[in-house]
Amino acid sequence: EWAKNVVSGKGSKLEKLLIVDHSQIDYLPFRKDFFIESPEIAKMSAEAVAAYRKELDNIKVKGKDVPKPIKDWHQCGLSSRILQ
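Everything quoted here is computed from the prediction, not taken from an experiment.

J.: Even after reading the chapter, I still don't get the overall build of the protein, so can you show me in this structure?
T.: In terms of helices and strands, the protein carries five helices and zero strands. Its helices and strands taken in sequence order, the protein reads α-α-α-α-α from the N to the C terminus. Expressed as a percentage of the 84 residues in the protein, the buried residues total 12%. A separation of at least 24 residues holds for 39% of the contacts in the protein among residues at least 6 apart in sequence. Total accessible area computed for the protein in this model is approximately 7,800 Å², and 58% of it derives from carbon and sulfur atoms.

So, in structure tokens, the structure goes:
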């Protein structure tokens with residue numbers, strides 16, 4: 001019922017915004033790998049990462065190529081202007 005209203009134009013403005021067929025849109029290519037690991041983080045061994053996650057309330061992670069945890073904001077790759 002909800003989808004019929006949206007498709008027929010009877011839905012609210014918000015509902016109309018929710019349905020977008022992205023396969024029909026020709027987006028410009030962009031780099032999807034936004035995170036660049038800092039040298040400090042890259043040097044952390046698997047054991048050091050596991051110990052740090054345990055120290056941080058035993059953080060559990062799932063997935064493929066999960067990034068290592070950061071210890072300070074400057075390790076996020078943000079500019080010094082943003083960090084001030």
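J.: Mind showing me how you'd approach helix α4 (residues 46–55) here?
T.: Note on helix geometry: an α-helix contains 3.6 residues per turn, so any two residues three or four positions apart are oriented the same way. Buried residues of α4: Val49, Tyr52 and Arg53, and no others. The buried residues of α4 occupy an angular sector of 100° when projected down its axis, which confines them to one face. Facing away from the buried side of α4 by more than 90 degrees, the exposed set consists of Glu47, Lys54 and Glu55. Count one or two residues on from α4 and you reach Asp57, which has phi positive near 60°.

J.: Which parts of the structure should I look at to understand a nonpolar patch on the surface?
T.: On the surface, a nonpolar cluster with roughly 260 Å² of combined accessible area is contributed by Leu56, Ile59, Val61 and Val66. With respect to the secondary-structure elements, Ile59 resides in the loop between α4 and α5 (80–83).

J.: For this particular structure, what's the right way to read unusual backbone geometry?
T.: A positive phi is found at Asp57, a non-glycine position, where the angle reads about 60°. Structurally, Asp57 is set in the loop between α4 and α5. With relative accessibility at 75%, the residue Asp57 sits in the exposed group. You will see that Asp65, though not glycine, has its phi angle at about 55°, which is positive.

Quick notes on the rules
Residues numbered from 1 in each chain as written. Predicted model: local features only at pLDDT ≥ 70, side-chain atom pairs only at ≥ 80, totals over all residues. Heavy atoms only, no water. Helix = DSSP H or I, 4+ residues; strand = E, 2+ residues; numbered from the N terminus. Buried < 20%, exposed > 50% of the residue type's maximum accessible area, 1.4 Å probe, protein only. Contact = heavy atoms within 4.5 Å. Areas by Shrake-Rupley, 256 points an atom, 1.4 Å probe, with all protein chains shown as cover. Arc of directions from axis to C-beta. Patch = residues over 30% accessible without salt bridge, like charges linked within 9 Å, V, L, I, M, F, W, Y side chains within 5 Å. Salt bridge = Lys/Arg side-chain N within 4 Å of Asp/Glu carboxyl O.

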